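Now for the letters of each chain:
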Amino acid sequence: GVDHRAASAGGDQSIVAADVLRLSSTAAATSCVGICAAHCLWQKAAGDVGTWESWRGLGHVHLPETLAWLFLLGSLVALPGSAGFAIRWLVSQRLVDVDALWLALGTIAAAVIGLPVVLRLTIFSIVKTPVATETSAPNAARWLLFAAAGLALLQGLWPTVFFHRS
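Thresholds, definitions, all that
- Residues numbered from 1 in each chain as written.
- Predicted model: local features only at pLDDT ≥ 70, side-chain atom pairs only at ≥ 80, totals over all residues.
- Heavy atoms only, no water.
- Axes fitted to C-alpha atoms, helices over the stretch in contact; angles between N-to-C directions.
- Helix = DSSP H or I, 4+ residues; strand = E, 2+ residues; numbered from the N terminus.
- Parallel < 35°, antiparallel > 145°, perpendicular 65-115°, else oblique.
- Contact = heavy atoms within 4.5 Å.
- Nonpolar A, V, L, I, M, F, W, Y, C, P; charged D, E, K, R; others polar.
- Buried < 20%, exposed > 50% of the residue type's maximum accessible area, 1.4 Å probe, protein only.
- Polar contact = N/O pair within 3.5 Å; in protein donor to acceptor, adjacent residues only side chain to side chain.
- Expected span 1.5 Å × (residues − 1).
- Bend = angle between axes of the 7 residues up to and from the residue.
- Core = buried A, V, L, I, M, F, W, Y, C linked by side-chain atoms within 4.5 Å.
- 1 Å grid on protein atoms, 1.4 Å probe; cavity = no way out; pocket = protein on both sides within 12 Å on 5 of 7 lines; lining within 4 Å.
- Points joined across faces, edges and corners; volume = space filled by probe spheres on them.
- pLDDT = per-residue confidence, 0-100.

Asks: Would you mind going over the packing of helix α3 (residues 63-76) against helix α5 (residues 101-127) in detail, with residue names and values included?
Replies: The contact between α3 and α5 brings their axes to 10 Å, and the two run at 175°. Here α3 lies roughly antiparallel to α5, going by the angle between them. Across from Leu63, Thr66, Leu67, Trp69, Leu70, Leu73 and Gly74 in α3, the residues of α5 making contact are Val118, Leu121, Thr122, Ser125 and Ile126. A breakdown of the residues in the contact of α3 with α5 according to their chemical character gives eight nonpolar, four polar and no charged.

Here you go:
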C-alpha cells in the first residue's frame, strides 16, 4: 500500500516552503526598497558610503531619515514590531508545524547574526559626532524611505492583515 502519512508530510512541506518564500519575499521587498532609497539619500548627503566612518553622525544631520533607515535594517534582523519580526515569527511557526525545528532555529539564528551590523550602524550614525554637513537630499528618495518604513511598521503591527495564510 501507499503510505498516505508520508505523502501528506511531503505535501505539507512543499506548501510550507511556498508559504515561507511568499512571506519572506514580501517583507524583504518592503525593507529593501526603503534601504535602496536611503542609500540614494546618503550618497547625496555623505558622498562615499563605503566605510563605517562614512555613516558617522548622519543621525544628527538627518534624524527622521536615519531612524526610518535603521528601522528598515532592523526589520531585516527581526526587530520586534517590524515586518521582519512578524515574518520570522510566522515562518518559525510554519516550520515547527511540519517538524522542521532546525530550520525554525536557523531563521532565528540568521537574525542574531545580522544584529551586530545594525547595532554598529546605529552607533556610528546616531551616537558618534557628525562629520557630514547639512545637504539637500532628493525628496523622492526621502519619501520612498518613509513610505517603506511606514509599511514595514504596519506589517509588523498587523501581520494577519498583510500576511494571512492562504
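Asks: Quick one: what's the story with the environment of alanine 109, residue by residue and with numbers?
Replies: Examined against the element boundaries, alanine 109 turns out to sit in helix α5. The exposure class of alanine 109 is partly exposed, given its relative accessible area of 35%. Expressed as a C-alpha distance, the spacing of alanine 109 and valine 77, which sit 32 residues apart in the sequence, is 9.7 Å.

Asks: So, the side chain of threonine 107: which residues are in play, and what are the values?
Replies: Turning to its location among the elements, threonine 107 is positioned in helix α5. Polar contacts involving the side chain of threonine 107 include one to the side chain of serine 92, which spans 3.1 Å. Among all residues touching threonine 107, those that are not within four sequence positions of it are Arg88, Val91, Ser92 and Leu95.

Asks: An account of α5 is requested, with residue identities and associated values reported.
Replies: An ideal rise of 1.5 Å per residue puts 39 Å on 27 residues; α5 measures up with 38 Å between its terminal C-alpha atoms. For α5, the principal kink sits at leucine 115 and spans about 30°; a proline, proline 116, occurs within the next four residues. Taken as a whole, α5 has its buried residues at Ala104, Thr107, Ala111, Gly114, Val118, Leu121, Phe124 and Ser125. Where the residues of α5 are buried, they touch α2 (58-61), α3 and α4 (83-97).

Asks: So what about the nonpolar core? Which residues, and what values?
Replies: Counting residues in hydrophobic clusters, the biggest one holds 29 residues, and the most contacted among them are Trp55, Trp69, Leu72, Leu73, Leu121 and Leu145. Of all the secondary-structure elements, those providing two or more residues to this core are α1 (4-46), α3, α4, α5 and α6 (139-157).

Asks: Which residues make up the side chain of serine 82, and what are the values?
Replies: Along the polypeptide, serine 82 turns up in the loop between α3 and α4. A residue is classified by how much of its surface remains accessible, and serine 82, at 0% relative accessible area, is buried.

Asks: Could you give me a rundown of the layout of surface pockets, with the residues and numbers involved?
Replies: Empty space among the atoms can be located by rolling a probe the size of a water molecule over them. Each pocket or cavity is described by its volume, and for the largest pocket that value is around 300 Å³. If you go around the largest pocket, you meet 18 residues; those closest to its centre are Gly74, Val77, Ala78, Leu79 and Pro80. Those elements that provide at least two residues to the lining of the largest pocket are α3, α4 and α5. Here the element with the most residues in the lining of the largest pocket is α5; it accounts for seven residues. When the residues that make up the lining of the largest pocket are grouped by side-chain class, the tally is 14 nonpolar, three polar and one charged. What the second largest pocket holds in volume is close to 160 Å³. Taken together, Ser24, Ala27, Ala28, Ser31, Ser75, Leu76, Gly84, Ile87, Arg88, Val91 and Thr107 make up the full set of residues lining the second largest pocket. Of all the secondary structure elements, the ones that give two or more residues to the lining of the second largest pocket are α1, α3 and α4.

Asks: Before we move on, could you go through the confidence of the model for the protein and cite the residues and values that matter?
Replies: Per-residue confidence for the protein gives a mean pLDDT of 75, with 76% of residues at or over 70. When the elements of the protein are averaged for pLDDT, α1 gives the smallest value, 66, and α3 the largest, 85. Between residues 1-9, whose pLDDT stays under 50, and residues either more than four places distant or in other chains, the model counts zero contacts.

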